[in-house]
Each structure stands twice: as C-alpha cells, then as structure tokens.
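Descriptive structure summary
Each chain, letter by letter, is given below.
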Amino acid sequence: MASTSGSETTHPVVFSTQTPYPLPSQRFMIPTSWRRYQLSQLVNKALSLPKPVPFDFLVRGEILRTTLAEWCAEKGIGEEETLEIEYFESVMPPQKMSTIPHEDWVSSVSCQLSGYFLTASYDGHIRVFDYSQKLLHTASTHSAPIASLCLVPTPSTPSTHLIATASHDLTARLMSLTLSSDDTDAMRTETLASLHLHTAPVASVQANATGTHLLTASWDTLIGFWDTSIPGADEVPAEDGERKKRRRVEEDAPRARRKAPLAVLKSHTARVSKAVFAAGAGAQAYSCGIDSTVRVWDVENGVCTDTITASAKPFLDLAITPLGTSALAASTDRTVSQYDLRASSTSAVTPSTATLNHPAMPSCIALPPASSSGTGIVTSAHEHQLLTGAYDGIVRLWDLRSVKSAVASFKTFEEKSKMEKKILSVDWASGVVCVGGEGGVEVWRAGEGDRAFLS
Amino acid sequence: MAATELKKSRKRKVVEEDTPAAVSAFPHDVGLDMHSEDEGEDEGHAGSEDDGEVDDFPEIDTRSDSEDEEEDGSEDEEESASGSEDVEDEEEEESEVDTADDDLRIYPKPKTVISDITGQPKRVYPEIEADYDSDSSTEDLSNMNTPPWSQTPNRVGTIPMHWYDDLPHVGYDINGKKVLRPARGDELDKFLETIEDPNSWTTAFDKKAQMDKPLTAEELDIIRRLQENEIPDANYDPYEPTIEWFTGKGKEEVMPLSAAPEPKRRWVPSKWEKQKVMKIVRAIRQGRIVPNKPKATQPQFYPIWSEDTSTLHAPPPAPKPRLPTHAESYNPPEEYLPTEEERKKWEETEKEDRERDFLPQKYNALRLVPAYDQFIQERFGRQLDLYLAPRVQRVKLQINPDSLIPKLPSPQSLKPFPMYKSLQVPHEGHRVRTISVSPDGGWVVSGDEGGVVRLWEVMVGKEVKRWKFQGRVGAVEWCPRPDVSFFVVAIEEKLHFIIPPNLPTAVLTATQSLLSPATLPPQPATPSPVKWVSTAAAASTSDSPILTVNLPPSSGLPKQVVWHRKGDYLSTVSGEEGQGAVWIHQLSRRHSQAPFRKVKGSVQLVLFHPTKPYFFVATQRYVRMYNLAEQKLLKTLMPGIRWISSMDVHPSGDHLIVGGYDRKLCWFDLELSDKPYKILRYHSRALRSVHFHPTYPLFASSSDDGSIQIFHARVYNDLMTNPLIVPLKILRGHDVRDGLGVLQVRWCPRQPWLVSAGADGDVAVWCS
C-alpha cells in the first residue's frame, strides 16, 4: 500500500471494528489528506460489499470529522505512530416520516408500544395513533394538562396495556388501554387508579422495566414510589370538594381507586423534574431537579444514597445509559451533562464527564432502547448515542464519543412563522423517533431505521 | 571772509538763522533792515565784525533741520510785528538811556499792545539786554572772552533739567519763549578741547547754564578734601578750644535747683541688680554658664583629595547610538520599503509615538538622494540637547485607558445570571404591561392592554388558563403568602382577586376562606368609598374572580398593585398622570383606606418596606419614606431624576433603586444619604422597570431601547463596605414598538431567571 502514496504523505493505520464487516488486521498506509468518505470507500472496496455501507471512523475514541492530517496536527501525533481506527456503520441522516397535528401542545409521546404512538396533550387527552397516522382513540383522562405519559410494560395479553399519566391536577393515573387492530370502537381506556400524594403538579411518571413499580416526580420536591397493582378500595380518603366534582365527571365510568404510595422519597429542595428507575430490575432510582442535583435513591428503603451536585444547572430531564454507568441530564443552561454514576461524589460539586452544548434549552433526552430491537444486535455505536430535543425545535443526535457537535440534527415543526416551536418530548424506539411538542407530533426515522420497520 | 568760512567749517558749526532774541543782541551794529525776513545771511554782519570776535562766535544750537527752520521762521513772522516795534522802542529807549544818566537805574518803559491771543491790551516790557552797559547781576565776569550775549543766564527757573533732555530747548524764559539749548560739540570737540585747553580737566558741565564751566579754586579744594576724607568746609575747625560755661572757678552751681530731698536710691545699693548678678553667679558656680567657652573649632581645610572616592560611581558613559540598519539605507531592499497601509499608519500616528522617525525610501543612486529636509529641526534638537532641554515637549498625558476602568470582578465569576432567551409567550397584538411570577416560581400571569390575563408555566411557556376583562389590565400581582395562592388583576376602577386552577385542596380552601369568608368582619365605623364584593366560596371557580374591590368611581386605572410582604395588605396607585390616589387595602378586615389626606405632587409608585413598617411613595421627582406605624415622614430621597418611572427595594430593606424616564438609575443606600450612592446611565432610552432578585444578588432594569440589563448587586452586612454593582449582561430580543420597549421585568424567585414583558406583545423568559 505504501507504494500508492506517491508524493503524498501517508500515515500508518490499523483498522478494527465490532461490526460484522471486519478487515484483516494489518497496517495500512493511509494518505493524510483522506477524510471519512475516502476511508469509508476504502473499507467498502476492501470488503467488496455488494451494497455500499457508509462507515464512521473513531480515532482514539473520537469521531473523525476532519482530514487525518488535521486531526494529527491537532493532537500532536507524529507521522510514525500507528493509529488505531475503529469503524462502525454511520448514522443515516434522519428522515421525516409523518406529521400528526394536534390542537394543543403535546407534552409527552411514547412509541414503546410497537406499531402505535401514544400522545399526551395539554388539553388533558390521551390519543392513540397507529403508524398510518390514524387517530385510533382519544381518552379524556385528566381535567388539567397532562405532563407525562409512560407505558408500563406488562406481560399481560397483547391487546391490553397499562399506561401511567401524570398531570397538573396533582395526580398521576394508571389506565388500561385495550387495543384491537380492526375495530376502532373496541378500543377503550379505563382509569384504574389515581395516585394521590402530591400537592403540586406532577412532572413525570416512569415505570421500571418489569412494570411492577412506578415513580412520580412532582413540583412539591417529593418523589412517589408506587406499585402498579390496583387496590380493591380507596387507600386515600377523598376530599369533599373533589368527590363532588369527580362524580359529575365520571358518572358512567367506574370510579378510579385512590391509591397511596409505597414510599415517599424526600430529599430534593426544589422541584423534581424527572425520576427514573435504573436499568434492569434493581431497586435503584435516579432523580433530577431544578435544585441542580441528581440524586440516587434506594427505593426499597426510601433513602437517598448519593447526590451529584452541579453548580447552577437546574435539570429538566434525566436519562440513564443502558449500561447504567452514567447519567445524562439536561439543564436550563443549554447543556446536557453526562455524569459518571460509578464515581462517588466526594466533592461538593461533581464535574461532568461530558457536556453537550445546545443553542437553546434542551428539554428532553431519549436513549435508544436497550437490546429491545428485533435484531438483537446492540452495536457499539448504538450505546453511545442519544437524542435531545430542544426549545429551538431541533432534535439532535449525539455520539458520546464525540461531544463537540451533534452527529445529526433535524428541525421539526417547520412552518412559515418565524417563531420556533418547542420540543417537549422525544421518544426513540426501534429506529423510530417520535417528537412531541408545540406543533403536535412528528415521526422521524433515525438510527438503524429500515431494519426496524422491516422486522 | 574765506578764512572765516574755513574756520567755521573746521569747527563744524552750522550757522543759521538766529532767533530774534539772538539777533537782537546786535542792536548797535545792525540796522533795522536786519530784522527783515532775511534767511540767515549772517555773513554780512559777520563781516562787519572783526575777525577776532568771529573766532569766538558763540555756540549756537546746531539745528540743521529745515522743518525747524520753517517753524522758527513762522514764529519769527508771528512775532515780527511786536518784535520790530520792540526794537524800535529799544532804539528810542536806548537813545534815551544813552542820553540820560548812566548810573540812573530805571525800568524800561512798558508798552501797551493788543495781545493777539486774548485780544486784551497788555503791557510789554522790552527785553533786558545783558550787554556791557547793563547792570545785569547775572553778568558773568569770569569768562570774559565769550561774547556778552552768550553769557545771558537762562532763567528757566529751578526746574529739573532732565525734563528737557530730549528736546531742543531747555525751558522757557519769562516771556514764554523757548530757551534753546546751546550748541555743544561732539566727542571729537571735547577731545580737542581737552588737548587744547589746559583747564579743561577742571571744567564741568553746568546743566543749568548748559555750558562747561571751569571749577573755581574753592570747589577744587572741596573736591580735594573729599578725596582725602577731610571735612569739606575749609573754614570749619574741628579742634576749636572748648569754652567753659559752667565749670571752672567761679562758675559752680551753689544753689540746688529743687527742694526735693535726695532719693534713697542714690546711696542704697540696688536689690534687683544684686539678684540679677547673683543669678549669674550661681549659674557660673553650677556650671550652667561657662565663661570663656572655647568655640567649636571647624576644620579650616578639607582634605578632598585624600578621601576615598570609591563610593562615588563614575558617570555612566553616554549610550551608543544605534547602528543604522537596512531600513536606513538610501537603497534598501524591497522588503524594507513600507507598504501603503504602513505609510498611512505612520503618517497618522503622532510624531512622538512613531516607532521610527523616518520612512525608508529607495533611491537608485546616492546622488539622487535629496538634501536632508529635517536638517534645521535636527540642528535645533541637537542644540536643545546641549542645553539639556528635552527635545520634545510632551503635552499628551500618558494615561492607560485600562487604569480608568474600575476594578470589577469578571461577570463569568458572578454566575448564575440570565444569559439567553429560553422561550417567549406571545400576546397577540397587545402590549403586555404587567407580569407577575408566583411566589413558588412556577407560574407567571401576564396582563396585556387588550384585557387578557394569561397564566402560564415558566419553564414550558404553555398557557394553561386565560381570563378576559373589559378594558386594559393595569397591573397583576401574586399574593406573596405561601399558604394561599391567588393573584390580583387591576383593571379600570376594579381589583379582581383570582384563584388559579389546579390547587391542592388545603390551599384552595384556605384561599377561599380568606377571600370569601363565611362571616364577614365588622364594617368599620366610617363608611369607605371602596366596596368589597365577593362570591360565595362554594360557588367560586377559577374562571371568575372570587373577590372584587370596587375603587371609588372615576379613580381611573390602577397602574400599580403592590403587596406587603405578609400578604395581608396591598396598596394600589390609580389615576392618570395628573393625580394619583393611593389606597391601602387590608384583606383580613376587608377594609380600604387612603393613607394620605393630601399628597404633594402626583404619586407615581408606592412600595412597602420588606422588614419595617415603612412605606415608600415616589412622586415625580422625590421618593418619600413614611413610617406607617407612627404616621410620619422619615426622609425624602432626592434622586435627581426628572420623572421617576420605577422603583424597587432591596430584600434587605437598606437599599433602594429608582429608575427614571430620563435614562438614569439611582442606587440609594438608605442608611447613607438622601442622595444616590450611585447613578447608572447605561440605557439609551427611558427606563421602564427595575427589580431586585429576592434571593440572588442580582437586579435587572428594562428600558424603552428594547434591552434589559442585568447587574450584580452584592450588599454587605457590615456598614463599612459599599455595595458592589457590576454590570453583567445586556439582554436584547424585544422589539421596540411605538417607542416603547420592555415594559416590565420580574425575577423568578429562587432561580436566576428573568421574565420580561415587552411592548411588542411578547413575554420572554431568560434563563441562566
């Protein structure tokens, strides 16, 4: 290979990969003026793939965005040093699939239920759409705006699912959603229980992976820990005023049971914006709040075991990476910070391991589902990726190995009006990105897109 | 005749026309014809005289100017009428005198003539002629060889002669005629005189007589005596024998002159003298006074050459001149030639600031190099160097502009503060006049001029409820109490109390019972023009106000609602610009009162002190601070603003900021002075709103220029340290509509977030 270089300067390189497209491990002399495109062509030609697969290249853990020469000059790497370059299939540019307009703002979306989109809106309604953007069902569940919605994974029958919603009316609710693919009239929702603990709007509700427990985070600094079993009778006595009202509203429907929490997690000093379970069935939970802390909870005992304190970063959203090693938190100072959960927080202010800078306030984070895709392949590229939605209406795809700029981004809710429409919720499952916000819901395809749709 | 002429020329005397007085000195020898207007033809007369007399022709003033001649000629003409008559008279008189007795002294006869000047008759005496025959006492006999007429003393009087030093005459005679200065020889004449005349060294110039006079023997003797330090008067004998008048034999005084007895002091030794002497004696004995103390001897000579000079540094050698470089060459390489920009820059900089005092220039040959055009300046500069004078007089002060900027901490170290606009909530088509953030920091109410009040989340910007009122919304304000939750909307002559939706039951019932109590408190004795109307708690919803306070009719739109910290009192300022009506409403007693019977000036704003029962009232120009408990005026603050637009008090209560329509923002330290501690003029248009952050050391000001400025304002607890005010950030993003910019700013409690309402109908949230 060195003979091909001619007058051009070359650099010794060893390729490695975890994709099913390995190259023989030998030293290549690569011209330093090459970029990603040439390298990708090289791999494709060397493997003589029938259909060209674009690759991205990681040099010492960083995605190569410039020429090799520039990268070496920046890092101060000599010409003689052998570079180890890892490559993986690059992310295809996201493609817009469909737009589902809503009358009101959509505060939360979920596409975890394969084949369906669940949206929760500020008008207090839950809507169910299928992939052909058809509105299958609308349920008025709350009299106040719904702030959050999540699908509780249940091993129950495939037609009936459990949904949890959190609302500004100080309650969260558990609902059953019965789906039938052919008949829209057969689709119905039933409110099973209302969770009564909070004295302020509930910001989020999240279920654990097995669907046995729920966490609610509220503005009143409390986190509620609940199980998903439906009690036979009211566990919380109803207030007088409320009962009268509710009776009028739900005369025909069987009244929801009033449920009390298993435990109340008290440690935050300001609003809690998100509370999530750790990956797996562990008894650990994480929460973030606008008091600039991320807290680690032992939910069984209801105690805060660890606190990550940031300085002046009111957090809006939190996500735990599938491996459970780091937490990603979006804050109002236009950053998404990554915190290493394994490091014990000894110092007063925990430094973030990575910071993703946004031009506007990031409001939501979505991670790719952990090994839930049908192919069963969790690529190395996949576990480093995340999606963030911001108030400027742009969803960005990031790779944690290269945090200087987003890998890909797409603008949602594009309209004539100059005002940017805010994104309030992003969900990402099996190649489908569902974006909810000010302008309704948009569905995009990203990641290993077509395979997910094909499966 | 020729000889005479020659002699005259040798003496270098110019003979000219004489004055009539001089001419009339020859009365005997010349006829009357002489007095005709002949122009100085003296030769004839001179020739008539003998030669010996001509030799000693008197020195007449050497006036060679023709002008003077003419003048004199005219004078002569003028006087010719009288003069000729005089002469005629004289002729007669003299003939008389000659005929009469010589010894007889008679005054000459006066003649009465009509004066030309006054027109009055006057007596004119003939001139006194000092000739040989006359008895003039001033006739000088000492110098007989001079002509007698020249011996005429000038009777100019005892005047300082220096008055006429630079004039041709030396004074005036009794007839008012000029006495001309006699001619004097020049230095050469003087020299010749000293050669020729053996007496000239004893001759002195007499100013009075205007001539040289030989000194007399007496005068020479006086000079000699003075030289020898003797008594000048020769007749004075200093060693005269004494004449005994009272002593000596037979001259003793026997009788006493007075009968007083002889005083005692004449024979008793003086006590005081003895004391004085004894004092000195004691001092000598004790050694305090040392007689014949030896004087401190000072060295007479100093051994300057034997001293070691090693401590003195040798003067440093003069710095060597810099060696010329390529740039100074007459034919420098191309790279040393200045480019156009460099040349322009060089020309623009001050002469003393230039790096080099020349521009490299290229000449192909040395003979083409022109003369050094700075030659004169260079020489002058070198001479200045020789004088040890600076070559350049520096008039420019060397002030580093950075040193004038006060030392302030960097804004990066003062985080957090609002940095960017995170979201904005539009109010379609109406100016948003007023906003308020709920005490928990989660909700904002904003009221616009179309009467719409919106309630929305701070973090999301989603409107959750809106209310529509008739007319403009003047003010909205949340109640600061934590246990209840409601806000006040002020519209024309009304205050509406509204409960937001989605409250927990406990808070809702507490709020309802506060605003619409089951049992109304007793009405006050004096009926108030303010009516409180509330709907029943059970029937109340969040859609309509639960309580309405009707302000007195025609009181106008309340432009400000301000709560007391405890949430029981609220104060409103209503009315148009002309007069403001201040009302203080008490929720628990459902009672309203006007705290001021009469208000000086129109009230713009009011404010409750956060900790003390004080009340700030801002009129157009002054801020008055009242003690509500004692009902008296505490102090009047003079911000020096022409029209106050906004005011806020620091949460500590010790500091007040006042904003004005004339772009100024004044910071008052209430403990310090009635005058502002600091006046900030950062905005380019009128200020609209100022607000202190409740917990963070921040304040914000908004202006009609569409910008919001964030300041760090740290207040120290000790009284000695001044507050630290640091400008942090200018937030731009609101549009200016109709000359109105950002109308109100409010901070979110507990977060460094700012909410701003603009005239462009947008409410923006600024996050850190």
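Note that the structure is a prediction, hence the values are computed from the model and not measured.

1. Comments concerning the overall build of chain A
Within chain A, the secondary structure is distributed over 4 helices and 34 strands. Every one of the 455 residues in chain A was classed for burial, and the buried ones make up 46%. Of the contacts formed within chain A by residues at least 6 apart in sequence, a portion of 55% connects residues at least 24 apart.

2. A word on the overall build of chain B
Scanning chain B for helices and strands turns up 12 helices and 35 strands. Taking all 768 residues of chain B together, 26% fall into the buried category. Within chain B, counting contacts between residues at least 6 apart in sequence, those at least 24 apart form 48% of the total.

3. Thoughts on the sheet that holds strand E13 (residues 487-491) of chain B
Residues and elements named next belong to chain B. Taken in spatial order, the 5 strands make up an open sheet running E12-E13-E14-E16-E15, and their pairing is antiparallel. The sheet terminates laterally at strand E12 (473-478) and strand E15 (531-534), the two strands that pair on one side only. Put simply, the sheet's adjacent strands are angled 15° from each other on average, direction ignored. For strand E14 (residues 494-498) and strand E16 (residues 547-550), the ladder comprises 4 bridges, and the chain directions are antiparallel. Note on E16: the bridge partner recorded for Leu-495 is Val-549.

4. Concerning the pairing of strand E21 (residues 284-289) of chain A
Residue and element names in this part refer to chain A. Burial analysis of E21 places 6 of its 6 residues in the buried class, which makes it a mostly covered element. Here E21 shows no split at all, with Gln-284, Tyr-286 and Cys-288 on one side and Ala-285, Ser-287 and Gly-289 on the other all buried. Summarising the sheet, strand E20 (residues 272-277) and E21 pair through 5 bridges and their orientation is antiparallel. Its bridge partner being in E21, Ala-275 is matched across the sheet by Ser-287. With 5 bridges joining them, E21 and strand E22 (residues 293-298) adopt antiparallel strand pairing. In the strand pairing of E22, Gln-284 is matched with Asp-298. Where E21 folds back on E22, the antiparallel hairpin that results is connected by 3 residues, among which Ser-292 adopts a positive phi of roughly 65°.

5. Considering the interface of chain A and chain B
Counting from both sides, the interface comprises 24 residues of chain A and, opposite them, 17 residues of chain B. For the side of chain A that touches chain B, a count of residues per class yields 14 nonpolar, 4 polar and 6 charged.

6. Observations regarding the nonpolar core
Side chains that are nonpolar tend, in soluble globular proteins, to be buried together. Ala-329 and Val-433 of chain A together with Val-606, Phe-616, Met-647 and Val-658 of chain B are the most contacted members of the largest nonpolar core, which has 204 residues in total. A total of 6 residues in this core trace back to one element, the largest contributor, which is strand E11 (residues 146-152) of chain A. Core analysis: the second largest hydrophobic core is formed by 19 residues, Ile-63, Trp-71, Ile-85 and Tyr-87 of chain A among them.

7. Comments concerning helix H8 (residues 271-286) of chain B
All names here are of chain B. Its 16 residues place the ends of H8 22 Å apart at the C-alpha level, agreeing with the 22 Å of an ideal helix rising 1.5 Å per residue. Counting buried positions over the 16 residues of H8 gives 0, only a small fraction of the element. Just beyond H8, the residue with positive phi is Gly-287, at close to 90°.

8. Remarks on the confidence of the model for chain A
As a general rule, the predicted coordinates of low-pLDDT regions are not to be interpreted in detail. All names here are of chain A. Looking at chain A as a whole, the pLDDT averages 80, with 85% of positions reaching at least 70. Segment residues 241-253: pLDDT under 50, and 6 contacts once partners within four positions in sequence are set aside and those in other chains are kept. In this model residues 372-381 is a low-confidence stretch, pLDDT under 50, and it forms 18 contacts with partners more than four residues away in sequence or in other chains.

9. Re the environment of Leu-262 of chain A
All names here are of chain A. Relative to the elements of secondary structure, Leu-262 occurs in the loop between strand E18 (257-259) and strand E19 (263-266). Exposure remark for Leu-262: the 14 C-beta atoms within 10 Å place this residue in the partly exposed category. C-alpha of Leu-262 to C-alpha of Asp-227: the two residues are 35 residues apart in sequence and 6.9 Å apart in space. In this structure Leu-262 touches Phe-225, Trp-226 and Asp-227, once residues within four positions along its chain are discounted.

10. So, the sheet that holds strand E26 (residues 655-660) of chain B
Residue and element names in this part refer to chain B. With antiparallel pairing, the 4 strands of this open sheet are ordered in space as E25-E26-E27-E28. The two strands at the open ends of the sheet, each matched to only one other strand, are strand E25 (644-649) and strand E28 (678-680). This sheet shows a mean twist of 20° between the axes of neighbouring strands, independent of strand direction. Judged from the 5 bridges that link them, E25 and E26 form a sheet pairing that is antiparallel. Across the sheet, the residue bridging to Asp-648 is Ile-657, located in E26.

11. Notes on the UniProt feature "repeat: WD" (unreviewed entry) in chain B
In the UniProt entry, the feature "repeat: WD" (unreviewed entry) is given for residues 425-466, 680-721 and 742-768 of chain B. Along residues 742-768 of chain B the backbone is 0% helical and 63% strand, and the end-to-end C-alpha distance reaches 19 Å.

12. Focus on unusual backbone geometry
Residue and element names in this part refer to chain B. The step from Lys-415 to Pro-416 runs through a cis peptide bond, and the omega angle for that step is 0°. Despite not being glycine, Arg-663 has its phi angle at roughly 75°, a positive value. Tracing the chain through its elements places Arg-663 in the loop between E26 and strand E27 (665-669). Residue Arg-663 is classed as partly exposed on the basis of its 18 C-beta neighbours within 10 Å.

13. A short note on the pairing of strand E24 (residues 632-637) of chain B
Bridge analysis of strand E23 (residues 623-627) of chain B against E24 of chain B gives 5 bridges, and the strand direction is antiparallel. Looking at E24 of chain B, one finds that Val-623 of chain B is bridged to Leu-637 of chain B.

14. Some thoughts on the confidence of the model for chain B
Residues and elements named next belong to chain B. Per-chain confidence: chain B averages 79 in pLDDT, with 81% of residues scoring 70 or above. The least confident element of chain B, judged by mean pLDDT, is helix H2 (residues 20-23) at 41; the most confident is H8 at 94. For residues 1-103, every residue scores under 50 in pLDDT, and the model assigns this stretch 72 contacts once sequence neighbours within four places are set aside. Within the model, pLDDT remains below 50 along residues 136-150, and this stretch shows 19 contacts once partners closer than five positions in the same chain are excluded. Across the interfaces of the predicted complex, the ipTM metric reaches 0.83, alongside a pTM of 0.64.

Analysis parameters
Residues numbered from 1 in each chain as written. Chains lettered and ligands numbered in written order. Predicted model: local features only at pLDDT ≥ 70, side-chain atom pairs only at ≥ 80, totals over all residues. Helix = DSSP H or I, 4+ residues; strand = E, 2+ residues; numbered from the N terminus. Buried ≥ 20, exposed ≤ 12 C-beta atoms within 10 Å, placed from the backbone. Contact = placed C-beta atoms within 7 Å. Pairing = 2+ DSSP bridges. Axes fitted to C-alpha atoms, helices over the stretch in contact; angles between N-to-C directions. Nonpolar A, V, L, I, M, F, W, Y, C, P; charged D, E, K, R; others polar. Core = buried A, V, L, I, M, F, W, Y, C linked by C-beta atoms within 7 Å. Expected span 1.5 Å × (residues − 1). pLDDT = per-residue confidence, 0-100. UniProt positions renumbered as here; feature names shortened; annotations may be inferred.

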